[in-house]
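Reading the structure
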Amino acid sequence: MNFNKTIISAFFCLLTTNSFAQKTSIQDLKEKISAYQINDTTKLKLLLNVSSKYLNQQIDSALKYANESKILATKLKIRKFELEAYEYLGRAHAGKGNFKEALLIFQKEELLATSSAEKSQTIRNQGNILIELGQTNQAITTYLRSLEFANLSHDKFTIAATLNNIAYVYRQQAKYEEAISYLLKA
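The paragraphs below set out a description of the structure included in this document.

Turning our eyes to something else, we now look at the packing of helix α6 (residues 116-132) against helix α7 (residues 136-153). It is at 8 Å that the axes of α6 and α7 come closest, and there the two elements cross at 165 degrees. Judged by the inter-axis angle, α6 sits roughly antiparallel to α7. Remark: the crossing between α6 and α7 carries left-handed chirality. Residues S116, A117, K119, S120, I123, R124, Q126, G127, N128, L130 and I131 of α6 touch α7, and the partners they reach there are Q138, A139, T142, Y143, R145, S146, F149, A150, L152 and S153. Its residues assigned to classes, the contact of α6 with α7 comprises 9 nonpolar, 9 polar and 3 charged.

What follows concerns the environment of T141. Note on placement: T141 falls in helix α7. You can call T141 partly exposed: its relative accessible area is 48%. Residues T141 and I166, 25 residues apart in the sequence, show an inter-C-alpha distance of 9.0 Å.

Moving on, we get to the packing of aromatic side chains. The tally for this structure, following the rule as stated, stands at 2 aromatic pairs. Sitting over the ring of Y182, K185 keeps its end group 4.6 Å from the ring centre.

The next thing to look at is the pattern of salt bridges. Across all of its chains, the model carries 4 salt bridges by this definition. Note that E118 and R79 form a salt bridge whose closest N and O atoms lie 2.9 Å from each other. Separated by 39 residues along the polypeptide, E118 in helix α6 and R79 in helix α4 (residues 79-95) bring together distant segments of the chain. For R79, a relative accessible area of 30% gives the class partly exposed. When the shortest N-O distance is used, the salt bridge between R145 and E110 registers 2.3 Å.

Turning our attention to the side chain of R124. One can find R124 in helix α6. Buried within the structure, R124 lacks any salt-bridge partner; its nearest side chain of opposite charge belongs to D155, at an N-O separation of 7.1 Å. Aside from chain neighbours lying at most four places away, what touches R124 is Y143, S146, T158, A161, T162 and N165.

Tracing the chain through its elements places N125 in helix α6. Through-space distance from the C-alpha of N125 to that of Q107 is 9.2 Å; in sequence the pair is 18 residues apart. If near-sequence neighbours (up to four positions away) are discounted, N125 is found in contact with E87, F106 and E109.

What counts as what
Residues numbered from 1 in each chain as written. Predicted model: local features only at pLDDT ≥ 70, side-chain atom pairs only at ≥ 80, totals over all residues. Heavy atoms only, no water. Axes fitted to C-alpha atoms, helices over the stretch in contact; angles between N-to-C directions. Helix = DSSP H or I, 4+ residues; strand = E, 2+ residues; numbered from the N terminus. Parallel < 35°, antiparallel > 145°, perpendicular 65-115°, else oblique. Left-handed = near helix turned anticlockwise from the far one by under 90°. Contact = heavy atoms within 4.5 Å. Nonpolar A, V, L, I, M, F, W, Y, C, P; charged D, E, K, R; others polar. Buried < 20%, exposed > 50% of the residue type's maximum accessible area, 1.4 Å probe, protein only. Phe/Tyr/Trp six-rings, centres within 6.5 Å; stacked < 30°, edge-to-face > 60°. Lys NZ or Arg CZ within 6 Å of the ring centre and 35° of its normal. Salt bridge = Lys/Arg side-chain N within 4 Å of Asp/Glu carboxyl O. Lys, Arg positive; Asp, Glu negative; His and termini not counted.

Right under this line is the structure:
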């Protein structure tokens, strides 16, 4: 019995330590951001990192830092980081339930995407939002577009994830044969 109490105490200690370390990590990043008075790629990376860490905790903070990073990435003309900022902006808006705004952001991100992998990812995000908006037929069409780019990029994980998304929608529509077909492909 004492052994179980020791394990449980150790478990809660680890949880507390991890939670504290994560808060400290965000705080450290925020302090580093304020230390950079010039707009440079280091500051941009820090802004993106803070936004990413806040996505599952504090959506408003994630939105704030994603927006700052988008502005800075656009100013510095660093497309890779601009895409990442749009990704976090879209996810933050979706997390707040602002699905129409998230969809617009992912559509803007698609315009910036140049590689097949980038296009597949942002188009798949659009499909996810269309599901939230109840537009399942349009979601399937969007996922099929995403699948085309995933196939071009030869990314097996993205192909499987997209096939799984299509199967999910068909299952939601009670089209079980189609759902099973896509699940087997995935």
